[in-house]
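Geometric and topological summary
Residues per chain, in single letters:
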Amino acid sequence: MQVIKQYIEDNKQRLLDELFELLRFPSVSADPKYAPDVLNAADYVAKKLTDAGADNVEVCKTAGYPIVYGEKIIDASLPTVLVYGHYDVQPPDPLELWKTPPFEPTVRDGKIYARGACDDKGQFYMHVKAFELMMQTNTLPCNIKFMIEGEEEVGSNNLGIFVKANKERLKADVVLISDTSMISMENPSLETGLRGLSYLEVEVTGPNRDLHSGVYGGAVANPATILAKMIASLHDDDNHITIPGFYDDVTELTAAERAELNAAPYNEEEYKKDLDIAETWGEKGYTTFERTGTRPTLEVNGIWGGYIGEGAKTVLPSKANAKISMRLVPNQTSEAITKLFTDHFLKIAPPYVKVKVTPHHGGEPVVTPTDSVAYRAAQKAIAEAFGKQPIPTRGGGSIPIVALFEAELGLKTVLMGFGLDSDALHSPNEKYDIFNYYKGIETIPLFHKYFAELSK
């Protein structure tokens, strides 16, 4: 441990400077105008993997953005860890809500503010630097492979194709991912599961053109009003999702499982204060931990229609749209839920509008085993680095490729994230604590050490 701490201390500023360089690339995969920046970010990752000591580093082309691969095989008889991460980021909008430019990393109160600071540049880059540390101190105890992609934020559409075509190259014993969060640095935790995702877009069309709201208002259905009513009907008064069959495959937690989940430290007042809300909201009969980790949800991610510019324009819009995501729990599948939603939304559409539902992407829910060698290695690593045992939690987010790795490579995943729920992922002013960044670089070599030892 002393060797690890000393290396971080000796290279502290450089480790930070390199992350800042990575954060300056506006690698937004959802917007084609950023395409050159996404490609430049991939090249930067490849260079840093090479500099750290990786062999066979390659920027692998796909039908979309490339996947950066690198490896270090020190002994074929030793276990192999496959590290996954992504260098693409969410769009920075709305820009006016950022206190400092999203692609010019800024430190305030010990926190790095930038798009991608936590999700996932800051977190995957910890692995690159931890690998460098092990190479420079001659302490790499097992084989390591890296697969860093550029399309996670848009559904990883080409990752499955790459994985299927490269099964031999990606052979490993476990996948290690840092793209999740901990309860806090005072209460470290390990996520034991993730929700799945069904993401789609709906369009409601009324008249064949925008209309004068005075001439036609009251005689022609307003698509924005109809869309709002349709969306509102998707939850009942108990905030239960009303789509028939939506909960059919959901497995209820046992009383013991619920008690264990809710034993994690949680302060309702601090939670509300952080978000500046008067009360929490959710499905009746469940706690905040249960609602965000073990229950399925349906959320409107964006809604628009009509005139939204400056001043007034009295228009009855021709169309109204919304983007909707549903988080799924074990036993639900994205394909089945997407069909249930589509069938229901078309069914509840009144005859005076036309409705179109377009699926975007999805992913499956996963639960990771807590009795595996890899999970126990992560427990030991965190316990040594933090001085206390990690608390097992369920993650509310989705990483669709976790199920893909299990299906195609037969590999389980360890979710060893160092972010915080308060890091404003996908929001303006995304941040990542410098302490967490260094703590990750400190903890990751311990995972490799214990994984190698426990695998004997």
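Once a new chain begins, its residue numbering starts again from 1 and follows that chain's sequence as written. Whole-chain, interface and lining totals are the exception, using all residues; otherwise, since this is a predicted model, local features are given only for residues with pLDDT of at least 70 and side-chain atom pairs are given and counted only at 80 or more. Think of the side-chain values as coming from all heavy atoms in the structure, minus any hydrogens and water.

Describing the environment of Leu39
We count it as follows: Here a helix means four or more residues in a row that DSSP labels H or I, a strand means two or more in a row labelled E, and each is numbered from the N terminus. Summary of the burial criterion: residues with accessible area below 20% of their type's maximum are buried, those above 50% are exposed, and those between are partly exposed, where the area comes from a 1.4 Å probe applied to protein chains only. Residues are treated as being in contact if the distance between any of their heavy atoms lies within 4.5 Å.
Within the fold, Leu39 resides in helix α3 (residues 35-52). Exposure remark for Leu39: the relative accessible area of 40% places this residue in the partly exposed category. As for Leu39 and Asp119, which are separated by 80 residues in sequence, their C-alpha atoms are 18 Å apart. Setting aside chain neighbours within four positions, we find Leu39 in contact with Tyr65 and Pro66.

Some points on the sheet that holds strand β10 (residues 196-205)
Rule in force here: Only strands that DSSP links by at least two bridges are regarded as paired with each other. Throughout, an axis means a line fitted to C-alpha atoms (over the contacting stretch in the case of helices), and angles, computed between N-to-C directions, take values from 0 to 180 degrees.
Strands sit in the order β12-β14-β10-β15 across an open sheet of four strands; the sheet is antiparallel. Each edge of the open sheet is held by one strand with a lone partner, namely β12 (297-305) and β15 (354-363). Going across the sheet, the axis of each strand differs from the next one's by a mean of 15°, ignoring polarity. In the packing of helix α7 (residues 223-232) onto the sheet, the strands contacted are β10, β12, β14 (319-328) and β15, and the crossing angle to β14 comes to about 15°. On top of the sheet, helix α11 (residues 334-347) reaches β10, β12, β14 and β15; it is set at about 170° to β15, its chief contact.

Observations regarding the pattern of salt bridges
Selection criterion: Take a side-chain nitrogen of Lys or Arg and a carboxyl oxygen of Asp or Glu: if they are within 4 Å of each other, that pair is a salt bridge.
Under the defined criterion, the tally for this structure stands at 28 salt bridges. Here Lys48 makes a salt bridge to Asp51, at a shortest N to O gap of 3.9 Å. Residue Lys48 and its partner Asp51 are located together in helix α3, separated by three residues, close to a single helical turn. Judged by its relative accessible area of 11%, Lys48 falls in the buried class. Notably, a salt bridge pairs Lys164 with Glu408, separated by 4.0 Å at the nearest N-O pair. With a gap of 244 residues between them, Lys164 in helix α5 (residues 159-165) and Glu408 in helix α13 (residues 401-409) connect regions that are remote in the sequence. Overall, the relative accessible area of 52% leaves Lys164 in the exposed class. With relative accessibility at 21%, the residue Glu408 sits in the partly exposed group.

Remember that the coordinates give geometry; whether it matters functionally is a separate question.
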